[in-house]
Amino acid sequence: MDATSNFAPVLEVRGLTKRFGGLTAVKNLSLELRAGEIFGLIGPNGSGKSTAMKSIMGIERPTTGDVVFQGENIAGLPAHKIARKGFGMVFQHSRPLNRQTVLENIMVALLPDSLLMLFADKALTERAEWIAERVGLAAVMHRKPPTLPFADLRRMELAKAIARDPKVVLVDEPFAGLTLAEVGIFSELISSFRDEGRAVLLVDHNVKSVAALVDRVLAMYLGEEICTGRADEVMRNETVRRVYLGGAIETSARPETSFADKVPLLQVENVSVFYGKAQALDNVSIHVHQGEFVSVVGLNGAGKTTLFNAISGFLPYTGEIVRGGESLRGVSPAKIARHGLVQCPESRELFGEMSVRENLDLGGHHLSDEARPKQIEWLFELFPILRERQGQMAQTLSGGEQQMLAIGRALMMQPKILILDEPTLGLAPVILEQLSKALEKLRQTSDITVLLGEQNVTFALPHADRVYVLEHARIVWEGDPGRFAAEAGEGYL
Amino acid sequence: MSLFKTRLFWIALGIVVIASTLPLYVSGYILGLLTVAYYFGVFAMSWDLLFGFAGEVNFGPTFLIGVGAYTAGIINHEYGLSVYLCIFIGAMASVIAGFVLALPALRVRGPYFGLTTLVAVLMLQNFIVVFADLTGGEIGLTIPDVITINASANYWIALGFMSISAAVLYGLSQSPLGLVLQASGQDPVQAGALGFNIVKHKLFAFIVSAFFSGLAGAMLVFYFGTASVGTVVDVAVGVQVIVAAVLGGRRTVLGAALGAIFLIVAGEFLRPTGELATFIVSAVALLVVLFFPGGFLGAAMSREARS
Ligand SMILES: Nc1ncnc2c1ncn2[C@@H]1O[C@H](COP(=O)(O)OP(=O)(O)OP(=O)(O)O)[C@@H](O)[C@H]1O
Ligand SMILES: [Mg+2]
């Protein structure tokens, strides 16, 4: 590490500024990246990390500033030119070619930008195979993306980004949605990029993993640098603690016996769901009392989203789902939602071309004219950034801001039963703390019932009165959060 | 998959061989019908290259077809150049018109591209009506020459032309270039970050599409002996091309040809039912799109993939 730091930087960003209309997303940002270095970029949601990355890559055109790569200023070039100079970027959300195999998807990244490329040569296939192996996709390289688990799709994105042997790799939130074990594997992969002499720019909200991985880190707030340095120094910085890290999450569970209703408000009994031949839920039974907070903990692909979609009426199932004594079978999703069972889906499902405010108003359209502004006001207290972004198109929000908006829209419906599917995805620690406080306040001041699906147990446990563990389509454990660590924590903690 | 690819090749070859024997035992009426259907097949395949692979909805396939058809027709009518030269010039005119249209249109995102292409059709239609002296206006343009008057020969030319177009377009769609095109249609931002000049690739697809559309359009008018708005320019004709492609199966290229043949032949056989014909064909198309969104070939292929 120290030996490499003597070399001249491969990438120098000087005074980079990016404005969107009146909003300055990145303000006068400067940083240097050396070969064989992992440089972290942290900051709260909307602080401009992704925008900085996209401006370097040429996906967004910098308003002002220089991006100097090996002595040449590349600011303002189109993305495809910058890519060919030796840049690779891993995207958080991408749409792979679903009818092609993993190998073919990787091969696309290797093709020249030429109209004469009518036949793929053998060398190309071999190189694609080698890269697939390199990132751990050897076993699945002839399968098609829709049949792959989430982590493998992310591996494929890594593979595409390093396919043409780039000197600079930009990685936006590689750990989001991965399990603990997978985060470990991805950390190793990313540090192997460093060992190969690449310069890596890394953005992620998983503070622990970022801190363990980076050589240096830059903290941003409102588009500007707060400080740069070694991870431990930066994490100790007063401002960073205040605007990004926040405090610890704390609450306590209430025993199940404290819930007065004899028959639980929501009962899921022996529910099974099949997708074609694959069984996504196998005889799952859970119950939730009025006012109770229940977490369903499970890794990717365990079946959490399927369970929630069945409850919300989106999927056909066998077994029974009963709410307040009435079977939900055959009730339309719209009606289920209208009666107060609201799901905030993992995929967010925002109206991308409508403004933040319009999205929220749609959520609250059934409220009375007096209640609606009050509810919005309350929501803006919870997520202040949404107030500032009211007029912005939802699809241009940062990842974390979109997550806040999705949760916000669900809360606008004043649900009686709220289902939150992976709400922590892409949220900065400080926002997690805010969300946590909001949930706690809801718990104390209303009789809202919450069903929370998470693989992030540090968030799921403190908010739960009771926890279910879902594994491979089955419920394998049920109990109070206090016992979780000892009895079921392996693989999560 | 690779097994299926070779299977697909043999099936296609078999169909073409059988189709080429038709003139030996079917009536001239049916041959004439199929001749038109084959040209439509090329229209639909060209359209699928743009929609299925480049991800751009061209609402104005008849702009490209019409420019090719009318250019060839007018040159023949005015200057009496040889048929083949006229056809070639028609195809080139279509390429140029396609380039001029697509270059600005591809810079706008989303539905605006489609709207631009639609406007282009309306402009072409207006042009033809306004400059009636040159174009024959609403009555249509009479074309002095024909390729041949032999029904069988016309049939074979159309079949051969469709087969070659299919081979080229399908081959292109399966080549690395087709992959890049598909990636650009699917996720333009990422394709750019992978180092591909999206505009260049899409423009190329548009030009290829224009070339085959224009060529087929020009050949069609020499078969008909006339060019009229109702047969090669009208928005309704364009809609038929689009329906054919979607019916046959998006992103399959070959399916588009099947869809076109189905539409034309079914429309003709239902002609005795009068106005009802259009309705029945549309209803079938709607049902297929609703229940087999992959179209004829898409449905067949996913069954193949499952087994
Ligand atoms: N195209 C756009 N138009 C207007 N505003 C935009 C646009 N793109 C981004 N923004 C705004 O710029 C700010 C920075 O966004 P950016 O995506 O860079 O944040 P981020 O630091 O990556 O956040 P997160 O951690 O949530 O991903 C956000 O407030 C966002 O709403
Ligand atoms: Mg971001």
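Within every chain, residues take consecutive numbers counted from 1 along the sequence as written. Chain letters start at A and ligand numbers start at 1, both assigned in the order the entries are written. The predicted origin of the model limits local features to residues at a pLDDT of at least 70 and limits the giving and counting of side-chain atom pairs to 80 or more, whereas totals for whole chains, interfaces and linings rest on all residues. Water and hydrogen atoms were dropped before computing side-chain values, which therefore reflect all heavy atoms in the structure.

1. Quick look at the overall build of chain B
Okay, step 1: A tally of helices and strands in chain B yields 15 helices and 2 strands.
Okay, step 2: The globule rule puts the C-alpha radius of gyration for 307 residues at 19 Å, and the 19 Å found for chain B is close to it.
Okay, step 3: Across the 307 residues of chain B, 53% fall into the buried class.
Okay, step 4: If you take every contact in chain B between residues at least 6 apart in sequence, the share linking residues at least 24 apart comes to 78%.
Okay, step 5: Put simply, chain B shows about 13,300 Å² of open surface, and 73% of that area lies on carbon and sulfur atoms. In DSSP terms, a helix is any run of H or I states spanning at least four residues, a strand is any run of E spanning at least two, and both are numbered starting from the N terminus. C-alpha atoms define the radius of gyration in this analysis, and the globule rule sets the expected value at 2.2 Å times the number of residues to the power 0.38. Exposed residues in this analysis have more than 50% of their type's maximum accessible area, buried residues have under 20%, and partly exposed residues fall in between, with area computed by a 1.4 Å probe over protein chains only. In this analysis, two residues are considered to be in contact whenever any of their non-hydrogen atoms come within 4.5 Å of each other. Using a 1.4 Å probe, accessible areas were evaluated by the Shrake-Rupley method; residue-level cover was limited to the displayed protein chains.

2. Considering the sheet that holds strand β2 (residues 23-33) of chain A
All names here are of chain A.
Okay, step 1: Between any two strands, pairing holds if DSSP finds at least two bridges. Reading across the sheet, the 4 strands line up as β2-β1-β4-β5 and stay open at both edges, with antiparallel pairing between neighbours. Both outer strands of the open sheet, β2 and β5 (72-73), are each paired with one neighbouring strand and no more.
Okay, step 2: Here strand β1 (residues 11-20) pairs with β2 via 7 bridges, running antiparallel. Within β2, the residue paired with F20 across the bridge is L23.
Okay, step 3: Every angle, taken between N-to-C directions, lies between 0 and 180 degrees, and every axis is a line fitted to C-alpha atoms, over only the stretch in contact when it is a helix. Against the sheet, helix α1 (residues 49-57) makes contact with β1, β2 and β4 (64-69), and its axis sits at roughly 115° relative to β1, the strand it touches most.

3. Regarding the pairing of strand β19 (residues 466-471) of chain A
Residues and elements named next belong to chain A.
Okay, step 1: With 5 of its 6 residues buried, β19 lies for the most part within the structure.
Okay, step 2: When strand β13 (residues 293-297) meets β19, the two strands line up parallel, connected through 4 bridges. Residue pairing across strands places V296 opposite Y468, the latter belonging to β19.
Okay, step 3: Looking at chain direction, β19 and strand β20 (residues 474-479) are connected through 5 bridges and run antiparallel. Following the sheet pairing, Y468 is matched in β20 by E478.
Okay, step 4: If you look at the hairpin formed by β19 and β20, you'll find 2 residues sitting between the two strands, and H472 has a positive phi there, around 45°.

4. As for the confidence of the model for chain A
Okay, step 1: Confidence along chain A averages 89 in pLDDT terms, with 97% of residues attaining 70 or more.
Okay, step 2: Confidence drops under a pLDDT of 50 for residues 1-5 of chain A, and excluding neighbours within four residues, the segment shows 5 contacts in the predicted structure. What pLDDT reports is the predictor's confidence in each residue, on a scale of 0 through 100.

5. Digging into the site of ligand 1
All names here are of chain A.
Okay, step 1: Close to ligand 1 lie 21 residues, the nearest being S50, T51, S398, G400 and E401.
Okay, step 2: A distance of 2.8 Å separates an oxygen atom of ligand 1 from a polar side-chain atom of N45.
Okay, step 3: Pairing of N or O atoms within 3.5 Å defines a polar contact, subject to two protein rules: one partner must be a possible hydrogen donor and the other a possible acceptor, and residues neighboring in sequence count only if both atoms are side-chain atoms. The backbone of G46 places a nitrogen or oxygen atom 2.8 Å from an oxygen atom of ligand 1.
Okay, step 4: Protein coverage of the free-state accessible area of ligand 1, which is 640 Å², stands at 90%.
Okay, step 5: For the shell around ligand 1, the elements supplying multiple residues, two or more each, are β2, α1 and α15 (399-412).
Okay, step 6: Grouping the amino acids of the shell around ligand 1 by side-chain chemistry returns 5 nonpolar, 12 polar and 4 charged. The near set for a molecule or strand comprises every residue that places at least one heavy atom within 4 Å of it. Here the nonpolar group is Ala, Val, Leu, Ile, Met, Phe, Trp, Tyr, Cys and Pro; Asp, Glu, Lys and Arg are the charged ones; every other residue, Gly included, is treated as polar.

6. Side note on the environment of R483 of chain A
Okay, step 1: Looking at the element boundaries, R483 of chain A is found in helix α18 (residues 481-488).
Okay, step 2: Counting along the chain gives 16 residues from R483 of chain A to V467 of chain A, while the straight-line C-alpha distance between them is 9.5 Å.

7. Section: the pairing of strand β10 (residues 224-229) of chain A
Okay, step 1: Of the strand pairs in this sheet, strand β9 (residues 216-221) of chain A and β10 of chain A are connected by 5 bridges, and their pairing is antiparallel. Bridge pairing in β10 of chain A links A219 of chain A to C227 of chain A.

8. Some details on the pattern of salt bridges
Okay, step 1: We define a salt bridge as a side-chain nitrogen of Lys or Arg found within 4 Å of a carboxyl oxygen belonging to Asp or Glu. The final tally for this structure, using the stated rule, is 33 salt bridges over all chains.
Okay, step 2: One salt bridge in this structure joins D187 of chain B and R95 of chain A, with 3.9 Å as the shortest N-O distance. Of this pair, D187 of chain B sits in the loop between α8 (176-186) and α9 (188-193) while R95 of chain A sits in the loop between β6 (87-90) and α3 (102-110), each in a different chain.
Okay, step 3: With a closest N to O distance of 3.6 Å, R387 of chain A and E381 of chain A form a salt bridge.
Okay, step 4: Salt bridges linked by common partners bring R134, D165, E196 and R198 of chain A together as one network.

9. Considering the sheet that holds β6 of chain A
Either a parallel or an antiparallel arrangement is found when strands of a sheet pair, and the pairing is made through backbone hydrogen bonds.
Residue and element names in this part refer to chain A.
Okay, step 1: Taken in spatial order, the 6 strands line up as β6-β7-β8-β3-β9-β10 in an open sheet, and their pairing is mixed. Whereas interior strands pair on both sides, the edge strands pair on one side only; in this sheet they are β6 and β10. Strand-to-strand twist in this sheet, taken as the mean axis angle between neighbours without regard to direction, amounts to 15°.
Okay, step 2: As defined by bridge partners, strand β7 (residues 168-172) adjoins strand β8 (residues 199-203) across 5 bridges and the pair is classed as parallel. For V169, the partnering residue across the bridge sits in β8 and is V200.

10. Description of the nonpolar core
Okay, step 1: Core analysis: the largest hydrophobic core is formed by 108 residues, its most contacted members being I42, I106 and F484 of chain A.
Okay, step 2: With residues near it in sequence (within four places) discarded, I42 of chain A still touches K49, D204, V210, V217, L218, A219, M220, V234, M235, V240 and Y244 of chain A.
Okay, step 3: Side-chain atoms within 4.5 Å are what join buried Ala, Val, Leu, Ile, Met, Phe, Trp, Tyr and Cys residues into a set we call a nonpolar core. In this structure, L50, V83, V233 and V241 of chain B belong to the second largest nonpolar core, which totals 92 residues.

11. Some remarks on empty space enclosed by the protein
Okay, step 1: Residues are called lining when one of their atoms sits within 4 Å of a cavity or pocket point, these points coming from a 1 Å grid over the protein atoms alone, where a cavity is a set in which a 1.4 Å probe fits but cannot get out and a pocket is an open set with protein on both sides within 12 Å along at least five of seven lines. Grid points are joined across faces, edges and corners, and a volume is the space filled by probe spheres set on the points. Per the counting criterion, the structure on display carries 4 cavities of 30 Å³ or more.
Okay, step 2: Within this model, the largest cavity holds a volume of roughly 90 Å³.
Okay, step 3: Lining the largest cavity are R95, P96, L97, N105, V108 and K160 of chain A together with A183, D187, Q190, A191 and L194 of chain B.
Okay, step 4: Those elements giving two or more residues to the lining of the largest cavity turn out to be α3 of chain A together with α9 of chain B.
Okay, step 5: Here the lining of the largest cavity is built from residues that sort into 6 nonpolar, 2 polar and 3 charged.
Okay, step 6: When its volume is computed, the second largest cavity comes out at roughly 60 Å³.
Okay, step 7: Lining the second largest cavity are 13 residues, with F87, G88, A161, R164 and P166 of chain A positioned closest to its centre.
Okay, step 8: Listing elements by their share of the lining of the second largest cavity, those giving two or more residues are α2 (79-86), β6 and α5 (150-162) of chain A.
Okay, step 9: The element best represented in the lining of the second largest cavity is β6 of chain A, accounting for 3 residues.
Okay, step 10: Residues of the lining of the second largest cavity, tallied by class, amount to 8 nonpolar, 2 polar and 3 charged.

12. Overview of the confidence of the model for chain B
Okay, step 1: Per-chain confidence: chain B averages 89 in pLDDT, with 96% of residues scoring 70 or above.
Okay, step 2: Predicted complex metrics record ipTM = 0.84 and pTM = 0.86.

13. Considering the side chain of N105 of chain A
Okay, step 1: For N105 of chain A, the position within the fold is in helix α3.
Okay, step 2: Here N105 of chain A is in contact with P96, L97, Q100, P145, M156 and K160 of chain A, once residues within four sequence places are set aside.

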